[in-house]
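The residues making up each chain are set out below.
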Amino acid sequence: MSSQSPAKLEPLLVSHGGKWTLTSDGEALERSFKFKNFTKTWDFMTAVSLQCKIWNHHPEWSNVYSTTFIRWTTHVPKGLSDKDIGLATLCDALAKDFGELDPEPASCEMKSLANEVVKDGNCCVKK
Ligand SMILES: C[C@H](O)[C@H](O)[C@H]1CNC2=NC(N)=NC(=O)C2=N1
């Protein structure tokens with residue numbers, strides 16, 4: 001596991017009143033976001049993507065209409081890093097700004113959409 005701060009991680013977790021779930025291997029944080037319509041959803045994703053540029057860190061994510069599934073994990077070195085925790089925290093704040101609605105549990109479909117790209121190893125690999 002990469003370096004991380006438990007003090008910053010815990011408040012994010014559902015088990016501690018947050019909205020994120022730690023995957024069973026402990027190497028990723030994930031959750032779904034729901035908005036009023038596609039425009040709000042896309043504006044949120046745009047705001048997240050600007051942060052990704054600043055942090056030089058990308059999510060594994062998928063979107064269908066007004067729902068976006070986001071997973072934060074670090075590919076090299078593999079595990080959960082401070083960047084994942086920082087960006088998950090930022091996502092919570094940005095989602096609020098864009099009028100996040102009550103989240104629905106992350107569906108298998110949304111997860112597998114995100115998994116589809118990762119499984120090909122099309123990620124953080126120098127070509
Ligand atoms: C080459 C480039 O800097 C690396 O691929 C960076 C960019 N963004 C990244 N994002 C994530 N999630 N994991 C990484 O290991 C990672 N590495």
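The present account deals with the structure reproduced in this document. (Residues numbered from 1 in each chain as written. Predicted model: local features only at pLDDT ≥ 70, side-chain atom pairs only at ≥ 80, totals over all residues. Heavy atoms only, no water.)

1. Regarding the overall build of the protein
The helix and strand inventory of the protein stands at four helices and four strands. Traced from its N-terminal end to its C-terminal end, the protein shows the element sequence α-β-β-α-β-β-α-α. A buried classification covers 40% of the 127 residues belonging to the protein. Sequence-distant contacts in the protein: of pairs separated by 6 or more residues, those separated by 24 or more amount to 69%. (Helix = DSSP H or I, 4+ residues; strand = E, 2+ residues; numbered from the N terminus. Buried < 20%, exposed > 50% of the residue type's maximum accessible area, 1.4 Å probe, protein only. Contact = heavy atoms within 4.5 Å.)

2. Some words on the sheet that holds strand 2 (residues 29-34)
To summarise the sheet geometry, strands pair through backbone hydrogen bonds and adopt either a parallel or an antiparallel arrangement. Strand order in the open sheet formed by four strands is 1-2-4-3, with antiparallel pairing between adjacent strands. Two strands lie at the open edges of the sheet, namely strand 1 (21-22) and strand 3 (60-64), each paired on one side alone. Relative to strand 4 (residues 67-72), strand 3 is paired through five bridges, and the arrangement is antiparallel. Residue Glu 60 lies in a different strand from strand 4, and its bridge partner there is Arg 71. The sheet strands contacting helix 3 (residues 82-97) are strand 2 and strand 4, and the helix crosses strand 2 at an angle near 15°. (Pairing = 2+ DSSP bridges. Axes fitted to C-alpha atoms, helices over the stretch in contact; angles between N-to-C directions.)

3. Thoughts on the environment of Trp 61
You can see Trp 61 is positioned in strand 3. According to the relative accessible area criterion, Trp 61 is partly exposed, its value standing at 28%. Taking the C-alpha atoms as reference points, Trp 61 and Thr 74, 13 residues apart in sequence, are found 13 Å from one another.

4. Side note on helix 2 (residues 38-55)
Here helix 2 spans 25 Å end to end across 18 residues, near enough to the 26 Å set by a 1.5 Å rise per residue. All of the buried residues in helix 2 are Thr 41, Phe 44, Met 45, Ala 47, Val 48 and Cys 52. All buried residues of helix 2 lie within an arc of 160° about the axis, which places them on one face of the element. For helix 2, the exposed residues lying more than 90 degrees away from the buried face are Thr 39, Lys 53 and Ile 54. Backbone geometry just after helix 2 places Asn 56 at a positive phi near 50°. (Expected span 1.5 Å × (residues − 1). Arc of directions from axis to C-beta.)

5. Points about the nonpolar core
Counting 21 residues, the largest nonpolar core has Trp 20, Leu 29, Phe 33, Phe 44, Trp 72 and Cys 91 as its most contacted members. Every element with two or more residues in this core is listed here: strand 2, helix 2, strand 4 and helix 3. (Core = buried A, V, L, I, M, F, W, Y, C linked by side-chain atoms within 4.5 Å.)

6. Brief notes about the site of the ligand
Lining the immediate environment of the ligand, one finds Asn 56, His 57, His 58, Thr 73, Thr 74, His 75, Val 76 and Cys 124. Note that a nitrogen atom of the ligand is positioned 3.3 Å from one of the side-chain N or O atoms of His 57. Within the backbone of His 58, an N or O atom sits 2.9 Å from a nitrogen atom of the ligand. Against a free-state accessible area of 390 Å², the protein chains account for coverage of 71% of the ligand. Here the residues of the shell around the ligand are counted per class, giving two nonpolar, six polar and no charged. (Near = heavy atom within 4 Å. Polar contact = N/O pair within 3.5 Å; in protein donor to acceptor, adjacent residues only side chain to side chain. Areas by Shrake-Rupley, 256 points an atom, 1.4 Å probe, with all protein chains shown as cover. Nonpolar A, V, L, I, M, F, W, Y, C, P; charged D, E, K, R; others polar.)

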